[in-house]
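For reference, the chains in residue letters:
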Amino acid sequence: MGPKIGIASLRGAALVIGTLAAFACGDDAAPPRGRARDAGVAAPVSGGLPDEAAARGLDYVNASGEAAKATILEANGAGVALLDLERDGDLDVVFAQGLDSLAQLMTGPGADLIVYLNDGTGHFTKGPAPGLSGWWTGLAAGDVDGDGDADLVAGGFGGLVLLLQNESGALEPARSLMPPVTEAPDARLTPGATRAPGHPPLWVTSLALFDADRDGQLDLYVGQYLELDPVDPPLGELGEGELAIPCRWKGLPVYCGPRGLVAQPDRLLRGIGAGRFEDVTEAWLPDLAPGFTLAVGAFDADGDGDTDLVVANDSSANLLLVNDGTGKFVELGYSAGIAFSSDGRPEAGMGVAFGDVNRDGRPDFVVTNFSGEPTQLYFGAPVGFAHETFRYGLANQSRRLLSWSVHLADFDGDSWLELFTANGHVYPQADGEHTGTRYGQRDTLWRLGPAAKAVPVLPLDERSILAGATGTRGTALGDVNGDGAPDLVLVRIDAPCALGLNRMRGGHRLAVRCLGPTVPTAGPYHTPADGMGTRVAVVVRDATGELGLLGEVQTSVGFQSSSSPWLHFGLGASARYSGLRIFWPSGRTEDLPGGLGDRRLVIREGDGIVAAEELP
């Protein structure tokens, strides 16, 4: 396991489907193959994704600096997290938040996180805020202290804080996760505190809570962006005097960066229990060069049972960090074919999402990019990853967009994944003449099967989250109203949030929640309390035979955001599933018999299905 067989052999995940099919059929059945075809169109579905945020009590309005966007900090917006507060079984919402200007950050007070509590039907009221002060950007949710409820890590410009959920369900600041002052005296930024020029803080973007070493404790990957002096930021040019270089895009003056500014190195913190971490960056990420990190996707990229990382970097090479099974990582982005574009250039990576698009049992993933650069689609292959952007037609369809957060999910329940991208330019100047693009852009949804092509899903009416030309940044996926269909919460820069309630109907559904064991298993490996890293294979039968659907419990997906730990499978026309196979991070494998679809299942390691209810 690990890099010796990692990217050189992506067969492990594919064998999941074959072995599960044999289990479901009771014989040595051949592995079901992916059946994406090179022709045809996706079947039409009813419903849509209407924005019901205001009607359901979500009145968050993003603050991200001034409209002119004089600095790069003001352009990136904020993230959002879906997690269960109060242990009542529904998904609540936490928004990161910025300020109206960089000057306000320096004078104080700073912004807090904004919390909304779900009443169980997808209607929300304001919840208690944790009492933070800063400019907050990225969020990651998971059971950090192993007590059975979800906690949160919030990162931002000069801040990184762990918030633990207390007995009443409120998030309380537990400790700062910034480096010690003795090691990095400029890392923290306190709003309103005097600060001399020339001392940029650490800028945290996307975060990933995952179990790197399979000890049952969640670890934390901290994506960091660049050095920006909040007292004396570069305005319009880099350098001084005759050597100063103007910051321009297509001949227009714009904010400076990331090129010309200094990238900050990412960090990796190992969870050691009770909500505490130790910095293991040097040992687990040896010789990793800084790269303007904007997004981190955690998933088992090589199918060997441990969690790997894809890091989307802005204007520098993307990374594939392959886990050796002990939590130490080897960077294999170049050899796996995902570091650069097809013509060998670094792109401005913005968001990452994963899933099995072609249903062949190997994990695939997608990276969103800057305008002029397409959203890149990669399929797991026997060696590395295959570049599928052009074959699926995404190059032409997505190149004009500047895309941020991203999801691969079965929105319509037909058993094929759709691709959602959150779009919006960074430069208000994009609305000028001859730019070939616009500042406000529509969010997009494509069907990726059964035809091997990206088929756009058009908005049904003006209420759809796909209708308006806005500037979406962070998004989180999860079922907020309990109907079994994944919904979307969207952060739109300098604007009200959106809640896309999923009304798409294309088939039966199955929702699965995985939990670690009540008593830890014997052996060297353990499953986290919240099931993070668990892989689930579902076998269903369609008109052509058995097919396998894969899911993996990871919450860090998209851009600066955290999605629900529930897995959502579309069963298509099948009212039943033939079997489940659960691959726990502890190394245990559990086979569960088939059953009726349109159910919500909770599965605990060693106990099987501990709760089941019919979807409404």
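Residues numbered from 1 in each chain as written. Predicted model: local features only at pLDDT ≥ 70, side-chain atom pairs only at ≥ 80, totals over all residues. Heavy atoms only, no water.

1. Here we look at the confidence of the model for the protein chain
- Scored by pLDDT, the protein chain has a mean of 92; 93% of the residues are at 70 or more.
- Throughout residues 1-45 the model reports pLDDT below 50, and contacts reaching past four residues in sequence, or to other chains, amount to 121 contacts. (pLDDT = per-residue confidence, 0-100. Contact = heavy atoms within 4.5 Å.)

2. Examining unusual backbone geometry
- Residue G108 is joined to P109 through a cis peptide bond whose omega torsion reads -5 degrees.
- Note that P109 resides in the loop between α2 (102-107) and β3 (114-118).
- Here the bond from G257 into P258 is cis, since omega is 0 degrees, no more than 30 degrees from zero.
- Note on placement: P258 falls in the loop between β14 (252-253) and β15 (267-273).
- Backbone geometry places K69, a non-glycine residue, at a positive phi of 55 degrees.
- Counting through the fold element by element, K69 comes out in the loop between α1 (11-25) and β1 (80-83).
- Classification of K69 as buried rests on a relative accessible area of 2%.
- In this model, K250 sits at a positive phi of 55 degrees, which is unusual for a non-glycine residue.
- Looking at the secondary structure, you find K250 in the loop between β13 (248-249) and β14. (Helix = DSSP H or I, 4+ residues; strand = E, 2+ residues; numbered from the N terminus. Buried < 20%, exposed > 50% of the residue type's maximum accessible area, 1.4 Å probe, protein only.)

3. Description of the domain arrangement of the protein chain
- Each assigned domain of the protein chain is listed with its residue range as follows: domain 1 (64-500) and domain 2 (508-614).
- Between the C-alpha centres of domain 1 and domain 2 the distance comes to 25 Å.
- Listed per partner, the contact involves 69 residues of domain 1 and 37 residues of domain 2.
- Summing both sides of the interface, domain 1 and domain 2 together bury roughly 3,600 Å²; the carbon and sulfur share of this comes to 50%.
- Its largest share of buried area at the contact with domain 2, domain 1 owes to R214, F354 and R359, together 15% of the area lost on that side.
- Counting every contact that joins domain 1 to domain 2 gives two salt bridges. (Domains from an automatic or database assignment. Buried area = accessible area lost by both parts, 1.4 Å probe. Salt bridge = Lys/Arg side-chain N within 4 Å of Asp/Glu carboxyl O.)

4. Quick word on the sheet that holds strand β33 (residues 498-500)
- Ordered in space as β31-β32-β33, the three strands form an open sheet in which the pairing is antiparallel. Since the sheet does not close on itself, it has two edges, and those belong to β31 (472-478) and β33, each with one partner. Averaged over all adjacent pairs, the angle separating strand axes in this sheet is 20 degrees, with direction ignored.
- Sheet topology note: the β31/strand β32 (residues 487-492) ladder contains five bridges and is antiparallel. For G478, the partnering residue across the bridge sits in β32 and is D487. (Pairing = 2+ DSSP bridges. Axes fitted to C-alpha atoms, helices over the stretch in contact; angles between N-to-C directions.)

5. Concerning the packing of aromatic side chains
- In total, this model carries 16 aromatic pairs according to the counting rule given.
- Between F299 and F365, the aromatic rings sit 6.0 Å apart at their centres with planes inclined by 45 degrees, giving tilted as the arrangement. Linking F299 in strand β17 (residues 293-299) with F365 in strand β22 (residues 364-368), this pair joins segments that are 66 residues apart in sequence. You'll find F299 and F365 in the same group, each marked buried.
- When the ring of Y334 is compared with that of F340, the centres are 6.3 Å apart and the planes differ by 75 degrees; the resulting orientation is edge-to-face.
- Judged by its relative accessible area of 65%, Y334 is exposed.
- Site record: aromatic cluster; members linked through ring pairs are F299, F354, F365, Y378 and F385.
- One cation-aromatic arrangement involves R535 over F583; the distance from NZ or CZ to the ring centre is 5.3 Å. (Phe/Tyr/Trp six-rings, centres within 6.5 Å; stacked < 30°, edge-to-face > 60°. Lys NZ or Arg CZ within 6 Å of the ring centre and 35° of its normal.)

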